[in-house]
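Examination of the molecular architecture
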Amino acid sequence: MPTNPNEIDLTKAGSIGFVDDAVFLGGANTLSGTGLFNTFVQIQHTGIEQGYNTDAATHQFDEKYSQFDHSLLLANVPIVIGDGSNGTVEGVAYRQFILDINEAGGAINPFLSLDKLQIWQEESRSLSNFTAGSGFAGTHTNGLAFDLDAGIDRWIAVKDLASGSGRSDVQVLIPDSYFINDAAHRYVYLYSQFGVQSGFAADGGFEEWGVTKASGALGTTAALAVHKTASVHGEPGGRGHHLFDQGR
Ligand SMILES: [Ca+2]
Ligand SMILES: [Ca+2]
Ligand SMILES: [Ca+2]
Ligand SMILES: [Ca+2]
């Protein structure tokens, strides 16, 4: 397992890692609220694999390019409010992304490295011709909201901890302040690369990134945020999973 500061170990349920103010949570119980897993990109290749979500007709990397690979509006990325538990800072708004990996069994196969994670903001839903670190070719917004490798080359050790639909192996909480909320930045592209580290190669089924709400239901976002605020402040000393109770 990783031992250097630039290597984050999320292979055990309940693990917490940080990249600046972003929080990474490992484990099967991070979706105790809604149970929703609305996939926006699926990636599958043996060994090293990479990909991003788009509505483009062309297939650039290892995306499955099914109906589960599509554009994502920033407005459809849920906001959760930190409550001081699970590595969060009380009162800070985070954008929540979830990852379900599917790896083969055995002593080594369940492990997978997340080597690159970049979240870009663009003006269009159907971009292609992407280069990691520089964005999409042509004249586009190319706003980089988050980069796992900013400042130093990091990687995250993950394990197929959760099985079955609707469960996540990793939850990523990016401070909402990292994002720009305007028309030129309204589409979110999540690019990830897996399997580079020795002993952490990709195998088994596809990896998928998602959000915990249905796309297009704009009214739901506000309802969830209000409910979450009430939950955090209304139940001090109550249940231990306030952060994930939205949607009840
Ligand atoms: Ca899994
Ligand atoms: Ca593996
Ligand atoms: Ca890296
Ligand atoms: Ca896999």
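The present account deals with the structure reproduced in this document. (Residues numbered from 1 in each chain as written. Chains lettered and ligands numbered in written order. Predicted model: local features only at pLDDT ≥ 70, side-chain atom pairs only at ≥ 80, totals over all residues. Heavy atoms only, no water.)

What follows concerns the overall build of the protein chain. Within the protein chain, the regular secondary structure consists of one helix and 15 strands. By the burial criterion, 50% of the 248 residues in the protein chain qualify as buried. Pairs at least 24 apart in sequence give 71% of the contacts found in the protein chain among residues at least 6 apart. Only carbon and sulfur atoms are counted for the fraction: they give 53% of the accessible area of the protein chain, which is about 10200 Å². (Helix = DSSP H or I, 4+ residues; strand = E, 2+ residues; numbered from the N terminus. Buried < 20%, exposed > 50% of the residue type's maximum accessible area, 1.4 Å probe, protein only. Contact = heavy atoms within 4.5 Å. Areas by Shrake-Rupley, 256 points an atom, 1.4 Å probe, with all protein chains shown as cover.)

On to the nonpolar core. Counting residues in each nonpolar core, the largest one holds 33 residues, and the members touching the most others are Phe24, Phe97, Leu117, Phe146 and Trp209. Here this core gets four residues from one element, more than from any other, and that element is strand E8 (residues 111-122). If you look at the next biggest cluster of nonpolar residues, it comprises nine residues, including Tyr52, Phe136, Tyr187 and Tyr189. (Core = buried A, V, L, I, M, F, W, Y, C linked by side-chain atoms within 4.5 Å.)

Further remarks concern the coordination of the calcium ion (ligand 3). With distances of 2.3 to 2.8 Å, the protein atoms coordinating the calcium ion (ligand 3) are Asp115 (O), Asp149 (OD), Asp149 (OD), Asp153 (OD) and Arg154 (O). For the calcium ion (ligand 3), the donor residues sit on a single chain with the sequence spacing D-x33-D-x3-D-R. (Donors = N, O, S within 2.8 Å, 3.2 Å for Na, K, Ca; no water.)

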